[in-house]
Amino acid sequence: MKLLQYKHILITGSSRGIGAAIATLFASHGAILYLNSTNLDALTNLRKQIVETYGCECYILPFDVSSANEVKAGFKKLFTLTKKLDVLINNAGILDDALLGMITPAQIQQTFAINTFSIIYCSQYASRLMQRSGQGSIINIASIIGSVGNKGQAVYGGSKAAVIGITQSLAKELAHHQIRVNAIAPGFIDTQMTQQLPDDKYQQRLDSIAMGHIGQPEDIANSALFLASDMAKYVTGQVIGVDGGMLI
Ligand code: NAP
C-alpha cells in the first residue's frame, strides 16, 4: 500500500544521510518530492537515482536553510512548481561539538541558524501553503541530546532542545488549521554526521544503546513515513524517540 500517493513533500537536508533515506522511502510510497540541501551535485545525483528507480516526480531546490533570504527565494521557486505542500520535513542539521571553554560565537550562531532558526523560516512559508488546502504535516528532526544533553554538546543540545519547544508551540498554534507538527528525536544513527566522531566518543555512544547497535537512517525514515501519512492524522505535538533504547 502506498501511503503518500500524490502528496507534495519538501525535505530539507536531503542530499545524504537521514534526509536521503526519507526521500527514498517516500518516493517508494508515491510522494511528489522537493529535495533541498546546499549541494547541487549531490541533489542532482539523488534525484536521478530516485526518478530511475521509482519514476516519481522529483524536483531539487538547492538553498541554505540558515539564510532567511535564501529560504524565501527557495519557497518562491517551490511556488512556481506547486501551489500545494502537504508535508515539510525540517531535517537539515549540523553537529559541531565543543567543550564550554572552546565554544565560539560563530559556532553558536551557525549551529542555531541551521538546526533551529531554519525550522521557523521554513515553517512560516510551508504553513501558509498548507493553510490553503486546510491540512498539512510538519516533521522536525530533533535529537535525543535535546532532552538529555551531553558533555561537549551544549550548543548542539541547546539547538535541538529548542526544536522540541518550537514543535510543541507550533502544534498548538497550527492545530486549528489541521496542520500537525511533530518531532522525531533520533539517538545514534549511522550517517556522515556520526562517522566523523573520534573513536572514543563513537564507542561511548554505542555503549549507551540498550539494543546494542547503531540505528540506520531507514529507522528514522520509517517513523517519518508514519507521521507524514494519514495514519497519523490525529497525532500532533509529539516527540517520537527513535534511539534503540538510549533513553530507557
Ligand atoms: P548528515 O549526513 O550530515 O546530513 C545532514 C544534511 O543536512 C545534509 O543533507 C546536508 O546537506 C544538510 N545541510 C547542512 N547544512 C545545511 C544548510 N545550511 N542548508 C541546507 N541543508 C543543509 O547528517 P544526518 O545524520 O543525516 O542528520 C540529519 C538530521 O538528523 C540533523 O538535523 C541531525 O542533527 C539529526 N540527528 C542525527 C543523528 C545521528 O545520529 N546521525 C542523531 C540525532 C539527530 P549539504 O551539506 O549537502 O548542504
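Please refer to the structure placed before this passage.
Please read all numbers here as calculations on a predicted model, not as lab measurements. (Residues numbered from 1 in each chain as written. Predicted model: local features only at pLDDT ≥ 70, side-chain atom pairs only at ≥ 80, totals over all residues. Heavy atoms only, no water.)

*Asks:* Teacher, can you tell me more about helix H9 (residues 217–228) here?
*Replies:* The periodicity of an α-helix, 3.6 residues per turn, causes residues three or four places apart in sequence to face the same way. Between its terminal C-alpha atoms H9 stretches 16 Å, which fits the 16 Å expected from 12 residues at 1.5 Å a residue. Buried within H9 are the following residues: Pro217, Ile220, Ala221, Ser223, Ala224, Leu225, Leu227 and Ala228. Of the surrounding secondary structure, the elements contacted by the buried residues of H9 are helix H1 (17–28), strand E4 (87–90), strand E5 (136–141), strand E6 (179–186) and strand E7 (239–242). (Helix = DSSP H or I, 4+ residues; strand = E, 2+ residues; numbered from the N terminus. Expected span 1.5 Å × (residues − 1). Buried < 20%, exposed > 50% of the residue type's maximum accessible area, 1.4 Å probe, protein only. Contact = heavy atoms within 4.5 Å.)

*Asks:* Please clarify how the site of the ligand should be interpreted in this entry.
*Replies:* Close to the ligand lie 30 residues, the nearest being Ser15, Thr38, Tyr156, Ile189 and Thr191. Here an oxygen atom of the ligand and a backbone polar atom of Gly13 are 3.0 Å apart. Asp64 places a polar side-chain atom, nitrogen or oxygen, 2.8 Å from a nitrogen atom of the ligand. For the ligand, the accessible surface in isolation is 880 Å², of which the surrounding protein chains cover 94%. When contributions to the shell around the ligand are tallied by element, the ones reaching two or more residues are H1, helix H6 (154–174) and helix H7 (192–195). (Near = heavy atom within 4 Å. Polar contact = N/O pair within 3.5 Å; in protein donor to acceptor, adjacent residues only side chain to side chain. Areas by Shrake-Rupley, 256 points an atom, 1.4 Å probe, with all protein chains shown as cover.)

*Asks:* Teacher, can you tell me more about the packing of aromatic side chains here?
*Replies:* Overall, the coordinates contain 4 aromatic pairs when judged by the stated rule. Here the aromatic rings of Tyr34 and Tyr59 are separated by 5.3 Å at their centres, their planes lie at 15 degrees, and the arrangement is stacked. Residue Tyr34 is found in strand E2 (residues 32–35), and its partner Tyr59 is found in strand E3 (residues 58–60); the two are separated by 25 residues along the sequence. Arranged with centres 5.2 Å apart and planes meeting at 65 degrees, the rings of Phe188 and Tyr202 form a pair that is edge-to-face. (Phe/Tyr/Trp six-rings, centres within 6.5 Å; stacked < 30°, edge-to-face > 60°.)

*Asks:* Which parts of the structure should I look at to understand the side chain of Asn91?
*Replies:* Within the element layout of this structure, Asn91 appears in the loop between E4 and helix H4 (105–133). For Asn91, a relative accessible area of 10% puts it in the buried group. Ignoring sequence-local partners within four residues, the contact set of Asn91 consists of Thr12, Gly13, Ile18, Gly19 and Ile141.

*Asks:* Any chance you could explain unusual backbone geometry here in plain terms?
*Replies:* Peptide bonds are, in most cases, trans, and in most cases residues other than glycine have a negative phi. One non-glycine residue, Tyr6, adopts positive backbone phi at about 65 degrees. On the secondary structure map, Tyr6 appears in the segment before strand E1 (8–11). Positive phi outside glycine occurs at Gln178, with the angle close to 65 degrees. You can call Gln178 exposed: its relative accessible area is 51%.

*Asks:* Looking at this model, I keep getting lost on the sheet that holds E1. Mind explaining?
*Replies:* What the 7 strands build is an open sheet, ordered E3-E2-E1-E4-E5-E6-E7; its pairing is parallel. Of all the strands in the sheet, just E3 and E7 have a single pairing partner and so form its edges. With direction set aside, neighbouring strand axes in the sheet form an average angle of 15 degrees. Pairing geometry for E6 and E7, over 4 bridges, is parallel. Residue pairing in the sheet places Ala183 in a bridge with Val239 of E7. Lying on the sheet, H9 is in contact with E4, E5, E6 and E7; it crosses E6 at an angle near 165 degrees. (Pairing = 2+ DSSP bridges. Axes fitted to C-alpha atoms, helices over the stretch in contact; angles between N-to-C directions.)

*Asks:* Can you help me understand the packing of H1 against helix H2 (residues 40–54) in this one?
*Replies:* For any two helices packed against each other, one specifies the crossing angle of their axes together with the interaxial distance. Look at H1 against H2: their axes get within 10 Å of each other, and the N-to-C directions meet at 25 degrees. Here H2 runs roughly parallel to H1, going by the angle between their axes. Of the two possible hands of crossing, H1 and H2 adopt the one that is right-handed. The residues of H2 that touch H1, namely those facing Ala20, Ala23, Thr24, Ala27 and Ser28, are Leu46, Ile50 and Tyr54. Taken together, the residues of the contact of H1 with H2 break down into 6 nonpolar, 2 polar and no charged. (Parallel < 35°, antiparallel > 145°, perpendicular 65-115°, else oblique. Left-handed = near helix turned anticlockwise from the far one by under 90°. Nonpolar A, V, L, I, M, F, W, Y, C, P; charged D, E, K, R; others polar.)

*Asks:* Looking at this structure, I do not really get the pattern of salt bridges. What am I missing?
*Replies:* Oppositely charged side chains can pair when the atoms bearing their charge come close. Counted by the stated rule, this structure contains 5 salt bridges. A salt bridge links Glu52 to Lys48, with the nearest nitrogen and oxygen atoms 3.3 Å apart. Of the two residues, Glu52 and Lys48 are both situated in helix H2; the distance of 4 residues between them amounts to about one turn of the helix. Judged by relative accessible area, Glu52 falls into the exposed class, the value being 58%. Where Lys84 meets Asp86, a salt bridge forms, and the shortest distance between an N and an O atom there is 2.9 Å. Connected via shared salt-bridge partners are Asp97, Lys201 and Arg205. (Salt bridge = Lys/Arg side-chain N within 4 Å of Asp/Glu carboxyl O.)

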